[in-house]
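Single-letter residue listing:
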Amino acid sequence: MKVFELTRIRITIWYVLIVMTISAMFSFVIYQGVTKNIEASFRSAETRFANNGGARPLRKMADGNVVNDEVTREVLHGLFLEELDNSRESILIYLLIINLIIFILSSLASYYLAGKTLMPIEEIIQEQKRFIADASHELKTPLTSLKTSIEVSIRSGKLPKDIKKLFQYNLEDVDALGELIDKLLSLSSLESKKPVFDNLDIKEVINTAYRRVKYLSDKKNISVKITTKNYQLQGDASSLTELITILLDNGIKYCKLNGKVSLDVKPSKNHLIIAVKDDGIGINKKYLPNIFDRFYRIDSSRTYANRGINSTKSGFGLGLSMAKKIVENHKGSISVSSELTKGTTFIIKLPLKQ
Ligand code: ADP
């Protein structure tokens, strides 16, 4: 799973950073301590030498040769400095090698540990996803029979008018529940199944999506203008149709009556750029970073008010998170720009070849 791999790498970087900071601090202390020790030893040797011969610069040796202690001391001092530099250099090299080994070992160990730490969390999340998918699936059957019973009751002529109205509301709620279950099932299949890529014609995908939302645009008298050619790309036909449906549906849903929605497709280098624009209610800038989150709805009353149809159904805040997942599965990107009361534009960038 991509997000877990990224988190694992991030944790590894943190672990390695901590280990390397400690290691660098120790190395610094060791370097200072050892070089100071060597320096002190050399200096005491030098002092001892000075105390012994420093007072007698010229000395006659037993064999008759004359030794200049002053010169010998200078030579010794030069040698001492040279030795000190050499020792410092070799300590530095040792410490660098040790740090390099620590870096490699700690990177490997940290990556392994980060994986181990994240594994139970990943398992719990997978388990939750399986539970949502299974529960949604299990709910479908009783919901279908409930819907049938309500429909049969409504059609029977024996019920008083107000009870029939109540059943009508029940039916709408059951439909909304059915829609939520379908969305949860599609979301879990988007997250668990690998998309199947085929050669597609984007115009056909868009036309299929448009047919799905036409009843809503007709109801609100919204003009939907589609500009595209028969661009070919590789992708999963059903999920791309879902993606376009979500964006057109939102555009229409959040448009005022008699508003305008447009969809433009343009190629750009190796990508296809799809822009879905509406002149609807727009989104406040502060909400924009959250709108792709699961179950995020800015204000459900906006949805009720803007569906423009006599329905209790509101959005579930799942559409855009599904759209994002579909785009990610196609290695593309989705972005949004919006101005309150002026309208919203979603831009999708899809690679032409996978
Ligand atoms: P919903 O099913 O509630 O529409 P979405 O995930 O599709 O859920 O959208 C999340 C929220 O983003 C919506 O509640 C809505 O407030 C806002 N939104 C999405 N598309 C538009 C749009 N075209 N214009 C204005 N607001 C939008």
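None of the values given here were measured: they were computed from a predicted structure. Residue positions within a chain follow its written sequence, with the count starting from 1. Reporting in this predicted model follows two pLDDT cut-offs: at least 70 for local features of residues, and 80 or more for side-chain atom pairs to be given and counted; totals over whole chains, interfaces and linings ignore these cut-offs and use all residues. Only hydrogens and water are set aside when side-chain values are computed; all heavy atoms of the structure are taken into account.

**Q** Mind laying out the overall build of the protein, listing which residues take part and the relevant values?
**A** Helix and strand definitions follow DSSP, with helices as H or I runs of at least four residues and strands as E runs of at least two, each counted in order from the N terminus. Counting secondary structure elements, the protein contains 7 helices and 9 strands. When a residue's accessible area, from a 1.4 Å probe over protein chains only, is under 20% of the maximum for its type it is buried; when over 50% it is exposed; and in between it is partly exposed. Burial status across the protein gives 34% buried among its 354 residues. Here, residues are in contact when the closest pair of their heavy atoms is within 4.5 Å. Considering only contacts in the protein between residues 6 or more positions apart, those separated by 24 or more positions represent 74%. Computed by Shrake-Rupley with a 1.4 Å probe, the accessible areas treat only the displayed protein chains as cover when residues are assessed. Accessible area for the protein stands at about 22000 Å²; split by element, carbon and sulfur atoms hold 60% of it.

**Q** Mind laying out unusual backbone geometry, listing which residues take part and the relevant values?
**A** Although it is not a glycine, Asn 221 sits at a positive phi angle of roughly 50 degrees. In this structure, Asn 221 sits in the loop between helix H4 (202–219) and strand S4 (223–227). At Lys 269, a position not held by glycine, the phi torsion is positive, near 50 degrees. With respect to the secondary-structure elements, Lys 269 resides in the loop between strand S6 (260–268) and strand S7 (271–278).

**Q** Can you tell me about the pattern of salt bridges, naming the residues and giving the values?
**A** Think of a salt bridge as a Lys or Arg side-chain nitrogen and an Asp or Glu carboxyl oxygen that are within 4 Å of each other. Summed over all chains, the structure comprises 13 salt bridges. Among the salt bridges present, the one from Arg 88 reaches Asp 85, with a minimum N-O distance of 3.9 Å. Taken together, the residues Arg 88 and Asp 85, both in helix H2 (residues 69–155) and 3 residues apart, mark about one turn of the helix. Classification of Arg 88 as partly exposed rests on a relative accessible area of 27%. With a shortest N-O distance of 3.8 Å, Lys 253 and Asp 249 are connected by a salt bridge. Pair noted here: Lys 253 and Asp 249 are both in helix H5 (residues 237–253), with a separation of 4 residues, about one helical turn. Classification of Lys 253 by relative accessible area gives buried; the value is 6%. Given the relative accessible area of 18%, Asp 249 is considered buried.

**Q** Can you tell me about the environment of Ser 189, naming the residues and giving the values?
**A** Relative to the elements of secondary structure, Ser 189 occurs in helix H3 (residues 161–192). Residue Ser 189 is classed as partly exposed on the basis of its relative accessible area of 27%. Separated by 60 residues in sequence, Ser 189 and Lys 129 place their C-alpha atoms 9.6 Å apart.

**Q** With reference to specific residues and values, describe the pairing of S6.
**A** Where a strand is regular, its side chains alternate between the two sheet faces. Two strands pair if DSSP finds at least two bridges between them. Where S4 lies against S6, 5 bridges are found, and the strand directions are parallel. In the sheet register, Thr 227 faces S6, and the bridge partner there is Asp 264. Note that S6 and S7 share 8 bridges and pair antiparallel. When the sheet's bridge partners are listed, Val 265 is paired in S7 with Ile 274. Two successive antiparallel strands, S6 and S7, enclose a turn made up of 2 residues, where Lys 269 displays a positive phi of approximately 50 degrees.

**Q** Provide a residue-level description of the side chain of Ser 262, including the pertinent values.
**A** Tracing the sequence through the fold places Ser 262 in strand S6. By relative accessible area, which is 19% here, Ser 262 ends up buried. For Ser 262, the contacting residues outside a window of four places in its chain are Lys 225, Ala 275, Val 276 and Lys 277.

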